[in-house]
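A structural walkthrough
Below are the chains, spelled out letter by letter.
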Amino acid sequence: MKYDIRIVLKWFAEHGLYPVAEHQFCDTRKWRFDFAWVDQKVALEVQGGLFTGGRHSRGPALLKEHEKLNTAAKFGWRILYTIPQNLCMSETVEMVKEAIDA
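Because the structure is a prediction, the values reported are computed rather than measured.

1. Regarding the packing of aromatic side chains
- For the coordinates displayed, the defined rule picks out seven aromatic pairs.
- Geometrically, the ring pair formed by Phe25 and Phe75 is edge-to-face, given 6.5 Å between the ring centres and 70 degrees between the ring planes. With Phe25 in the loop between strand S1 (20-24) and strand S2 (32-37) and Phe75 in the loop between helix H2 (59-74) and strand S4 (78-82), the pair connects residues that are 50 residues apart, well separated along the chain.
- Judged by relative accessible area, Phe25 falls into the buried class, the value being 10%.
- Three or more aromatic residues joined by ring pairs form one cluster here, namely Phe25, Trp31, Phe33, Phe75 and Trp77.

The structure is reproduced here in structure tokens:
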């Protein structure tokens, strides 16, 4: 399931959250977070295809994802996860707000 970044950014803005979409967090790699609150070092990754054999559920791609997320953790990022169906849900907004306030 794909999502429209503009709609997601509008959804978050309506709830007082202003993420950067496709934020590149590492200068030496082209790794990006789906959404990031840069000043707070909180990122939201949308994990699509979990139940359909998509990228996030296949071994080689998952190992690359682990490398990316471990590097992000070394840089002090806190990463949250959701699936496309739950992206524009109040639970996701609350999860992000709690992480930002922590």
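2. Observations regarding the nonpolar core
- Counting residues in each nonpolar core, the largest one holds 14 residues, and the members touching the most others are Phe12, Phe35, Trp37 and Leu44.
- Those elements that place two or more of their residues in this core are helix H1 (5-14), S2, strand S3 (42-46) and helix H3 (90-101).
- When sequence neighbours within four positions are dropped, the list of residues in contact with Phe12 reads Leu17, Pro19, Trp37, Leu44, Leu87, Thr92 and Val93.
- One finds Phe25, Cys26, Leu69 and Trp77 within the second-largest nonpolar core, a separate group that totals 10 residues.

3. Quick word on the pattern of salt bridges
- All told, the structure shown has four salt bridges when counted by the stated rule.
- The residue Glu67 makes a salt bridge to Arg29 at a minimum N-O spacing of 3.0 Å. Highlighted residues: Glu67 in helix H2 and Arg29 in the loop between S1 and S2, separated in sequence by 38 residues.

Parameters and conventions
Along each chain, numbering runs from 1 in the same order as the chain's sequence is written. Local features in this predicted model are restricted to residues whose pLDDT is 70 or higher, and side-chain atom pairs enter the listing and the counts only when it is 80 or higher, whereas totals over whole chains, interfaces and linings include all residues. Water and hydrogen atoms play no part in the side-chain values, which are based on all heavy atoms of the structure. Centres within 6.5 Å are what make two rings of Phe, Tyr or Trp a pair, Trp counting through its six-membered ring; a difference in plane orientation under 30 degrees is then read as stacked, over 60 as edge-to-face, and the rest as tilted. Secondary structure is summarised from DSSP: a helix means a run of H or I of at least four residues, a strand means a run of E of at least two, and numbering begins at the N terminus for each. Throughout this description, buried means an accessible area under 20% of the type-specific maximum (1.4 Å probe, protein chains only), exposed means over 50%, and partly exposed covers the range between. Here, nonpolar core refers to any group of buried Ala, Val, Leu, Ile, Met, Phe, Trp, Tyr and Cys residues whose side-chain atoms link them within 4.5 Å. For this analysis, residues touch if any pair of their heavy atoms sits within 4.5 Å. By salt bridge we mean one thing: a side-chain nitrogen of Lys or Arg within 4 Å of a carboxyl oxygen of Asp or Glu.

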